[in-house]
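Coordinates in review
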Amino acid sequence: MSQFDHLDLDGHLLQLLLAVIEEGSVTRAAQRLGVTQSAVSHLLDKLRAITGDPLFVKSGRGIVPTAHAQLLALRARALLDDLRGFSHAAAFEPAKISAQVTIAANDLQRDLLLPSLLRYARAQAPGLSLRVIPSGAPTPEMLREEHCQLIITPRPPEGSDILQKRLFEDSYRVFYDASQREPPRSLEDYLASDHVTVVYEPRRRLDIDEVLAERGLVRRFVAQVPGFGGIGPFLRGSRMIATLPGLLRAYMLRGLAVAPVPVPCPPMPMYMVWHLRHHDDPMHRWLRQQLEIVVAPSLAAAAEHMPVTA
């Protein structure tokens, strides 16, 4: 019988398990945690004795977690969240924060909101840092597996444990190079044009592209790129057009002309999305509040840079 029981577990062991899984290496996990490799190996042996599982097996030159270790990792993340909440529940003071927050966002919402969010939040919490990852077509697993703590997206992933709140909405516009062509004035001209669009992996189109396709409007796509930042080089110097959120004209598509879409289009909403485990966490709640605060001034600043619609 093992001499260990559940009382031998602590937050350090849980953090160690996650570090080895995420790094795929005992050496890199040790460097990340600031301890020796032998210390990591010793603690892993202790964790193996507690769980009754090898936890990791060799794969090529590295190691991979067992299926049981992957299940334990999900529980470990939740337990660490509870421990953090326990330690901060009594009194939350932004000035004492020393943490990195990961937010998933694509290039539109990244450029529009996150620089302002960081400046505003760090004025109160100098120890806060921000890591931004692309959200692509976001999935619930991004939040469930703690790849990020918050997603900003127009298409929230679904799940009973996934929460959301609308931040704002935008209108779609036709982008084009005014030195090369006139805007499409009719539906026939619009459909006859060459189009550029964004397709996120795995082959997920923009919602406006899906809406127009469902209406039977067939457009000729001559280029598909993985993000809004790739649209401009295709439009500049060409007669191609793109149907995109109008706010893009304030930043990465500045200088291109814009015109109304010659067919009714639904608005594009934008949401912040988080996992249920973070809903009552004081720091997470504070961060969501800061994001809501910067939305209005960010939209106002973007409006100052927008050209007049044709």
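The model shown is predicted, which means the values in this text are computed figures rather than measured ones.

Of regular secondary structure, the chain possesses 10 helices and 13 strands. Burial status across the chain gives 45% buried among its 310 residues. At a minimum sequence separation of 6, the contacts of the chain that also span at least 24 residues come to 74%. In the structure as shown, the chain presents an accessible area of about 15800 Å², 54% of it carried by carbon and sulfur atoms. Of the charged side chains in the chain, 34 are positive and 33 negative; the average position of the first set lies 4 Å away from that of the second.

Moving on: the sheet that holds strand β3 (residues 99-105). Strand order across the open sheet formed by 5 strands is β4-β3-β5-β13-β6, with mixed pairing between neighbours. Each having just a single partner strand, β4 (128-133) and β6 (162-170) make up the two edges of the open sheet. The mean angle between the axes of side-by-side strands here comes to 20°, regardless of whether they run parallel or antiparallel. By the bridge criterion, 8 bridges tie β6 to strand β13 (residues 268-275) in an arrangement that is antiparallel. Pairing of Arg166 across the sheet is with Tyr271, part of β13. Strands in contact with helix α5 (residues 107-124) are β3, β4, β5 (150-153), β6 and β13; relative to β4, the strand with the most contacts, it is inclined by about 175°.

As for its position among the elements, His195 is in strand β8 (residues 194-200). Placed 19 residues apart in sequence, His195 and Tyr176 show a C-alpha to C-alpha distance of 9.9 Å. Residues in contact with His195, not counting those within four places in the same chain, are Tyr190, Arg219, Arg220, Phe221, Val222, Ala223 and Ile241. Among the polar contacts made by the side chain of His195, one reaches the main-chain carbonyl oxygen of Tyr190 at a distance of 2.8 Å.

Extensive coverage of β13 is indicated by the burial of 8 of its 8 residues. Residues of β13 alternate between two faces, with Met268, Met270, Met272 and Trp274 on one and Pro269, Tyr271, Val273 and His275 on the opposite face, all of them buried. In this structure, β5 lies alongside β13, joined through 3 bridges in antiparallel fashion. Residue Ile151 lies in a different strand from β13, and its bridge partner there is Val273.

What follows deals with empty space enclosed by the protein. On inspection of all chains with the given rule, the structure shows 2 cavities of 30 Å³ or more. Every residue lining the largest cavity is counted, 20 residues in all, and those nearest its centre are Asn106, Pro154, Arg155, Tyr200 and Leu206. Those elements that provide at least two residues to the lining of the largest cavity are α5, β9 (204-205) and β13. Of the residues contributing to the lining of the largest cavity, the split by class is 11 nonpolar, 5 polar and 4 charged.

Analysis parameters
- Residues numbered from 1 in each chain as written.
- Predicted model: local features only at pLDDT ≥ 70, side-chain atom pairs only at ≥ 80, totals over all residues.
- Heavy atoms only, no water.
- Helix = DSSP H or I, 4+ residues; strand = E, 2+ residues; numbered from the N terminus.
- Buried < 20%, exposed > 50% of the residue type's maximum accessible area, 1.4 Å probe, protein only.
- Contact = heavy atoms within 4.5 Å.
- Areas by Shrake-Rupley, 256 points an atom, 1.4 Å probe, with all protein chains shown as cover.
- Lys, Arg positive; Asp, Glu negative; His and termini not counted.
- Charge placed at Lys NZ, Arg CZ, Asp CG, Glu CD.
- Pairing = 2+ DSSP bridges.
- Axes fitted to C-alpha atoms, helices over the stretch in contact; angles between N-to-C directions.
- Polar contact = N/O pair within 3.5 Å; in protein donor to acceptor, adjacent residues only side chain to side chain.
- 1 Å grid on protein atoms, 1.4 Å probe; cavity = no way out; pocket = protein on both sides within 12 Å on 5 of 7 lines; lining within 4 Å.
- Points joined across faces, edges and corners; volume = space filled by probe spheres on them.
- Nonpolar A, V, L, I, M, F, W, Y, C, P; charged D, E, K, R; others polar.

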